[in-house]
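# Structure assessment
Below, each chain spelled out in residue letters.
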2 protein chains.
Amino acid sequence: MSTATTKRITTTKITMNKSQLKLVSTLERVGGFASAQELYQMLRRDGDGIGLTTVYRALQSLLDDKIVDVLRRADGEAIYRLCGEAHHHHLVCRSCGATVEIEGSSVEKWAEAISEEHHFREVGHTVELFGLCSNC
Amino acid sequence: MSTATTKRITTTKITMNKSQLKLVSTLERVGGFASAQELYQMLRRDGDGIGLTTVYRALQSLLDDKIVDVLRRADGEAIYRLCGEAHHHHLVCRSCGATVEIEGSSVEKWAEAISEEHHFREVGHTVELFGLCSNC
DNA sequence: ACGCTAATGACAATCATTTTCATTTTTGCT
DNA sequence: AGCAAAAATGAAAATGATTGTCATTAGCGT
């Protein structure tokens with residue numbers, strides 16, 4: 001008999017309720033980041049009678065289930081996006097707001113190495129660059 | 001006579017008022033990040049009659065003068081630190097809050113390269129890692 | 001249909017941050 | 001020193017995102 005440890009396979013069954021599904025599809029439509037307030041307004045505009053509380057709750061569940069990622073805008077407002085989106089970072093002009101999407105495999109590798117070095121698991125990262133673009 | 005363009009030397013005289021000085025010295029004492037609310041409470045504990053409004057205003061001025069940096073905690077609260085502090089990043093346990101300070105010259109170089117590539121100037125960056133530490 | 005649980009939404013509460021505005025302090029000038 | 005204008009200050013109210021409360025409702029299994 002092998003003494004190999006059995007890998008734990010996480011079989012958490014993830015069930016999404018109606019609100020969560022609506023949010024996911026709205027986020028798909030957005031294709032990037034959106035705040036809770038923005039998502040709420042989009043749904044209302046579409047005639048949906050969803051409540052703000054429900055939007056926040058559903059987003060929290062989606063976060064727990066790792067279906068969405070969260071980030072903070074400069075003013076502190078939380079913005080969400082689907083995890084599935086290709087992971088990239090942003091170079092933002094702090095004057096005019098122009099944004100360039102950056103893919104940075106080197107940073108990903110760096111983050112991974114650091115995490116291992118310190119025995120951290122499930123490490124995500126936030127990497128954002130802020131400066132002045134050539135026009136500003 | 002030379003036709004060389006004259007380099008503009010920015011001689012903005014930076015004068016700090018009393019409140020700004022107090023905040024700088026408090027931040028020195030802290031040696032890292034602190035929120036406006038925390039700084040306010042520290043000063044009050046020390047018997048200073050400073051008002052919260054003044055703390056926010058002074059921090060804003062220090063930001064404008066590039067004397068302090070700002071970052072966001074996970075809950076969206078803004079935290080400030082002196083720019084002079086050795087620049088480093090953080091690896092934070094999202095469960096117990098344990099924090100490891102990381103220095104990452106490779107990320108600095110990467111950020112610089114990206115900035116140049118897109119002709120951005122005065123680029124600062126935010127790099128934070130969040131995960132689960134070995135105890136959690 | 002019935003009973004139970006999860007989900008929902010209106011509303012109030014919280015908390016950081018910003019605004020307002022009247023008062024005080026500092027500064028510059030004579 | 002004396003005085004006027006400008007800058008700084010702080011109390012209190014306003015704002016805006018987010019969270020908590022709680023009564024109502026929708027779904028589901030029997």
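So, a few notes on the structure that sits alongside this text. (Residues numbered from 1 in each chain as written. Chains lettered and ligands numbered in written order. Predicted model: local features only at pLDDT ≥ 70, side-chain atom pairs only at ≥ 80, totals over all residues. Heavy atoms only, no water.)

As a further point, take the sheet that holds strand E3 (residues 78-82) of chain B. All names here are of chain B. Ordered by their spatial adjacency, three strands build an open sheet running E1-E3-E2, and the pairing between neighbours is antiparallel. With one partner strand each, in any of the chains shown, strand E1 (34-35) and strand E2 (68-72) form the two edges of the open sheet. In this sheet, E3 lies alongside E2 in antiparallel orientation, the contact comprising five bridges. Within the sheet, the bridge partner assigned to Val70 lies in E3 and is Tyr80. The sheet strands contacting helix H1 (residues 18-30) are E1, E2 and E3, and the helix crosses E3 at an angle near 90 degrees. (Pairing = 2+ DSSP bridges. Helix = DSSP H or I, 4+ residues; strand = E, 2+ residues; numbered from the N terminus. Contact = heavy atoms within 4.5 Å. Axes fitted to C-alpha atoms, helices over the stretch in contact; angles between N-to-C directions.)

Time to look at unusual backbone geometry. Even without being a glycine, A:Lys66 presents a positive backbone phi close to 60 degrees. Assignment of secondary structure puts A:Lys66 in the loop between helix H3 (52-64) and strand E2 (68-72).

What follows deals with the interface of chain B and chain A. How big an interface is tends to be expressed through the accessible area that disappears when the partners come together. In this complex, chain B contributes 37 residues to the contact, which on the side of chain A involves 37 residues. Here chain B meets chain A over a buried area of about 3000 Å², counting both sides, of which 63% is carbon and sulfur. Sorting the residues of chain B by area buried against chain A places B:Trp110, B:Phe120 and B:Arg121 first, and these three jointly supply 22% of that buried surface. The tally of links from chain B across to chain A stands at zero salt bridges. Summed over the shared surface of chain B and chain A, the number is eight residue pairs in polar contact (both at pLDDT 80 or more). Contributions of two or more residues to the side of chain B that touches chain A are made by strand E4 (89-93), strand E5 (99-102), helix H4 (105-117) and strand E6 (121-132) of chain B. In terms of residue count, the dominant contributor to the side of chain B that touches chain A is E6(B) (twelve residues). Class assignment of the residues belonging to the side of chain B that touches chain A gives a composition of 19 nonpolar, eleven polar and seven charged. (Buried area = accessible area lost by both parts, 1.4 Å probe. Salt bridge = Lys/Arg side-chain N within 4 Å of Asp/Glu carboxyl O. Polar contact = N/O pair within 3.5 Å; in protein donor to acceptor, adjacent residues only side chain to side chain. Nonpolar A, V, L, I, M, F, W, Y, C, P; charged D, E, K, R; others polar.)

Another point: the protein's contact with DNA strand C. Around DNA strand C sit 16 residues, and of these A:Ser19, A:Thr54, A:Arg57, B:Tyr56 and B:Ala78 come closest. Of all DNA strand C atoms lying within 4 Å of any protein atom, the proportion belonging to sugar or phosphate reaches 62%. Contact distances for DNA strand C include 2.7 Å between a phosphate oxygen and a side-chain N or O atom of A:Thr54. Take B:Tyr56: an N or O atom from its side chain is 2.5 Å from a phosphate oxygen of DNA strand C. The set of elements that each furnish at least two residues to the surface near DNA strand C consists of H3 of chain A together with helix H2 (36-45) and helix H3 (52-64) of chain B. (Near = heavy atom within 4 Å.)

Coordinates in, geometry out; function isn't part of it.
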